[in-house]
Amino acid sequence: MKDLLVKINAEIETFKAEAESLTEKGIKAAEPRARKSTLEIEKLLKEFRKVSIEESKK
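Described below are features of the structure shown in this document.

Cut-off values and rules
- Residues numbered from 1 in each chain as written.
- Predicted model: local features only at pLDDT ≥ 70, side-chain atom pairs only at ≥ 80, totals over all residues.
- Heavy atoms only, no water.
- Salt bridge = Lys/Arg side-chain N within 4 Å of Asp/Glu carboxyl O.
- Helix = DSSP H or I, 4+ residues; strand = E, 2+ residues; numbered from the N terminus.
- Buried < 20%, exposed > 50% of the residue type's maximum accessible area, 1.4 Å probe, protein only.
- Axes fitted to C-alpha atoms, helices over the stretch in contact; angles between N-to-C directions.
- Parallel < 35°, antiparallel > 145°, perpendicular 65-115°, else oblique.
- Left-handed = near helix turned anticlockwise from the far one by under 90°.
- Nonpolar A, V, L, I, M, F, W, Y, C, P; charged D, E, K, R; others polar.

Turning to the pattern of salt bridges, a few remarks are in order. Close approach of charged atoms allows side chains with opposite charge to pair. Applying the stated criterion to the full structure yields five salt bridges. The salt bridge partner of Glu-40 is Lys-43, with a shortest N-O separation of 3.8 Å. With Glu-40 and Lys-43 both in helix α2 (residues 30-56) and three residues apart, this pair spans about one turn of that helix. In this structure Glu-40 comes out as partly exposed when scored by relative accessible area, which is 27%.

In the contact formed by helix α1 (residues 2-25) and α2, the axes pass within 9 Å of each other and the chain directions differ by 160°. By the criterion of interaxial angle, the relationship of α1 to α2 is roughly antiparallel. Of the two elements, α1 crosses α2, and the hand of that crossing is left-handed. Tallied by class, the residues present in the contact of α1 with α2 amount to 14 nonpolar, four polar and seven charged.

The following block contains the structure:
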């Protein structure tokens with residue numbers, strides 16, 4: 001579970017950096033990278049939910 005949390009936090013940091021590049025610096029290439037990051041975050045959060053439910057049943 002800790003590894004999963006580390007991955008989630010890392011992906012959120014990536015998203016924040018790309019979103020900042022887009023909004024603050026106007027770097028258009030950051031937009032697709034930010035969108036890709038949101039998809040990865042969604043996937044990781046679904047995995048977290050699954051693991052969390054499994055661990056609560058123990």
